[in-house]
Amino acid sequence: EAHPEIMFYYLRGNHDRMERTSTERIQNLCTFNDGWTTYEQGDITITGMELSGEWDPTWADQLQEELSDYPGKLHVVMLHGMVSEYGQGEEGIALRDLRGRGIDYLALGHVHGYKKETLDSRGEYCYPGCLECRGFDEYGEHGFVLLDVDLEEKTVASEFIPFALRNGHYVEVDVSDCMSTAEIMDAINETAKKEHLPHEDFVKFVLVGEMALASEKDLDYLNQWIQDDYYTVKVTDKTKIRIDYEDYQNDASLRGEFVRLVQADEKLSNEEKAQMIQYGIRALEGEEIE
């Protein structure tokens, strides 16, 4: 309503709950339903459908028939879902069914990050992603996609425009050589400097590597220590325990007995023994085994 000079084309996805009746009084807002709907804007058509259930191959045939009613136009198609070659599962979109259907640009929703790929010899498909990073699962640069349409050449060129006030970062920190929380803090700071992380962004530090059993690691303290360094920040732990098997050979404990039992099994290869001991010690230490 604040920008009546702009036409808005709004295709609902799985996060959208707005009822269509609320848009009837807004003259510059165009919506879609569960059948193909086409709007003309000059020499461009905008066609879309709100998918329900699993992908139906006949939808692509219906789309081609719909677009054939607008010869000589550039065709932008809007869909919401996860693209794959065969379109498996609910909200799946089959790329193979959309090739050769006269699509110049396939505008997609559902994936929250930017992605652009070739559809066929004529068109491309694109996820613009979210305008803003809103959580630790939306990494990378955020913005929108601008289409430059050449009506004489009948071509569509797309460009990603960075827009977000904040972006998201997933940063792995190798702490294999660290023996204390203080050393882990130094490793995080060193990694942050190398990555040039803006302080106004979302940052998730993930501790990786193999740490000695005797090492000290306070995850709660690390999260409290770094809270003021970024707009939102989290430190998570994906490290594993580094096992020095010889340390358990003469150990009068359940761990030592386990190691000696495995080492004495002549049916197992050295590789199998090493893997079995590694899993067993980690299980005894309470680690989750993948």
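Data block above holds the structure.
Report on the accompanying structure. Computed from a predicted model, the values in this text were never measured in an experiment.

A short note on the overall build of the protein
On a plain count of helices and strands, the protein comes out with six helices and 17 strands. Here the C-alpha coordinates of the protein stretch approximately 80 × 50 × 40 Å along the principal axes. A burial count over the protein gives 40% of its 290 residues as buried. Look at the contacts in the protein between residues 6 or more apart in sequence, and 54% of them connect residues 24 or more apart. Working note: accessible area of the protein is about 17000 Å², and carbon and sulfur atoms make up 47% of it. For the protein, the centre of its 27 positive side-chain charges and the centre of its 61 negative side-chain charges are spaced 2 Å apart.

Thoughts on the packing of aromatic side chains
Following the criterion strictly, the structure yields nine aromatic pairs and no others. Geometrically, the ring pair formed by Phe-144 and Phe-163 is edge-to-face, given 5.8 Å between the ring centres and 70° between the ring planes. With Phe-144 in strand S11 (residues 143-150) and Phe-163 in the loop between strand S12 (155-162) and strand S13 (168-174), the pair connects residues that are 19 residues apart, well separated along the chain. Three or more aromatic residues joined by ring pairs form one cluster here, namely Tyr-9, Phe-32 and Tyr-39. Here the basic side chain of Arg-166 rests over the ring of Tyr-231, its NZ or CZ set 3.4 Å away from the ring centre.

Notes on helix H5 (residues 254-263)
Inspection of H5 places Gly-256, Val-259 and Val-262 among the buried residues, and these make up the whole buried set. Along H5, the residues classed as buried sweep out an arc of 135° about the axis, all on the same side. Every exposed residue of H5 that faces more than 90 degrees away from the buried side is listed here: Leu-254 and Leu-261.

A word on the packing of H5 against helix H6 (residues 270-284)
One can describe the packing of H5 onto H6 by two numbers: an axis separation of 10 Å at closest approach and a directional angle of 165°. On the basis of the axis angle, H5 is roughly antiparallel to H6. Of the two elements, H5 crosses H6, and the hand of that crossing is right-handed. Contacts from Leu-254, Arg-255, Phe-258, Val-259, Val-262 and Gln-263 in H5 reach Lys-273, Met-276, Ile-277, Gly-280, Ile-281 and Leu-284 in H6. Its residues assigned to classes, the contact of H5 with H6 comprises eight nonpolar, two polar and two charged.

Thoughts on the pairing of strand S8 (residues 105-109)
For S8, the buried fraction is high: four of the five residues fall into the buried class. Looking at chain direction, strand S5 (residues 74-80) and S8 are connected through five bridges and run parallel. From the neighbouring strand, Leu-79 faces S8, where its bridge partner is Leu-108. As judged from the three bridges shared by S8 and strand S10 (residues 124-127), these two strands associate in the parallel manner. Each bridged residue has a counterpart across the sheet, and for Leu-106 the counterpart in S10 is Tyr-125.

Some thoughts on the pairing of S10
If a strand is regular, its side chains alternate between the two faces of the sheet. Residue alternation in S10 divides its side chains into two sets, Glu-124 and Cys-126 and Tyr-125 and Tyr-127, and both sets are buried. The pairing of strand S9 (residues 115-118) with S10 spans four bridges and is antiparallel. The partner of Glu-117 across the bridge, within S10, is Tyr-125.

Notes on helix H4 (residues 219-226)
Looking only at H4, the buried set comprises Leu-222, Asn-223 and Ile-226. Looking straight down H4, one finds that the buried residues subtend no more than 95° of arc, so they occupy a single side. Facing away from the buried side of H4 by more than 90 degrees, the exposed set consists of Asp-220 and Gln-224. Contact partners of the buried residues in H4: helix H3 (181-195), strand S14 (202-208) and strand S16 (232-237). Here H4 starts with a cap whose side-chain oxygen sits 3.2 Å from the backbone nitrogen of Asp-220, and that cap is Asp-218.

As for the pattern of salt bridges
Following the criterion strictly, the structure yields nine salt bridges and no others. Measuring nitrogen to oxygen at the nearest pair gives 2.7 Å for the salt bridge that ties Lys-217 to Asp-237. Pair noted here: Lys-217 is in the loop between strand S15 (210-212) and H4 and Asp-237 is in strand S16, with a separation of 20 residues, a long-range link. We classify Asp-237 as partly exposed; its relative accessible area is 32%. Here Arg-260 makes a salt bridge to Glu-257, at a shortest N to O gap of 3.3 Å. In this pair, Arg-260 and Glu-257 both sit in helix H5, three residues apart, roughly one turn of the helix. Overall, Arg-260 belongs to the partly exposed group, its relative accessible area being 29%.

Scoring rules and cut-offs
Residues numbered from 1 in each chain as written. Predicted model: local features only at pLDDT ≥ 70, side-chain atom pairs only at ≥ 80, totals over all residues. Heavy atoms only, no water. Helix = DSSP H or I, 4+ residues; strand = E, 2+ residues; numbered from the N terminus. Buried < 20%, exposed > 50% of the residue type's maximum accessible area, 1.4 Å probe, protein only. Contact = heavy atoms within 4.5 Å. Areas by Shrake-Rupley, 256 points an atom, 1.4 Å probe, with all protein chains shown as cover. Lys, Arg positive; Asp, Glu negative; His and termini not counted. Charge placed at Lys NZ, Arg CZ, Asp CG, Glu CD. Phe/Tyr/Trp six-rings, centres within 6.5 Å; stacked < 30°, edge-to-face > 60°. Lys NZ or Arg CZ within 6 Å of the ring centre and 35° of its normal. Arc of directions from axis to C-beta. Axes fitted to C-alpha atoms, helices over the stretch in contact; angles between N-to-C directions. Parallel < 35°, antiparallel > 145°, perpendicular 65-115°, else oblique. Left-handed = near helix turned anticlockwise from the far one by under 90°. Nonpolar A, V, L, I, M, F, W, Y, C, P; charged D, E, K, R; others polar. Pairing = 2+ DSSP bridges. Polar contact = N/O pair within 3.5 Å; in protein donor to acceptor, adjacent residues only side chain to side chain. Salt bridge = Lys/Arg side-chain N within 4 Å of Asp/Glu carboxyl O.

Worth remembering: the numbers are spatial, not functional.
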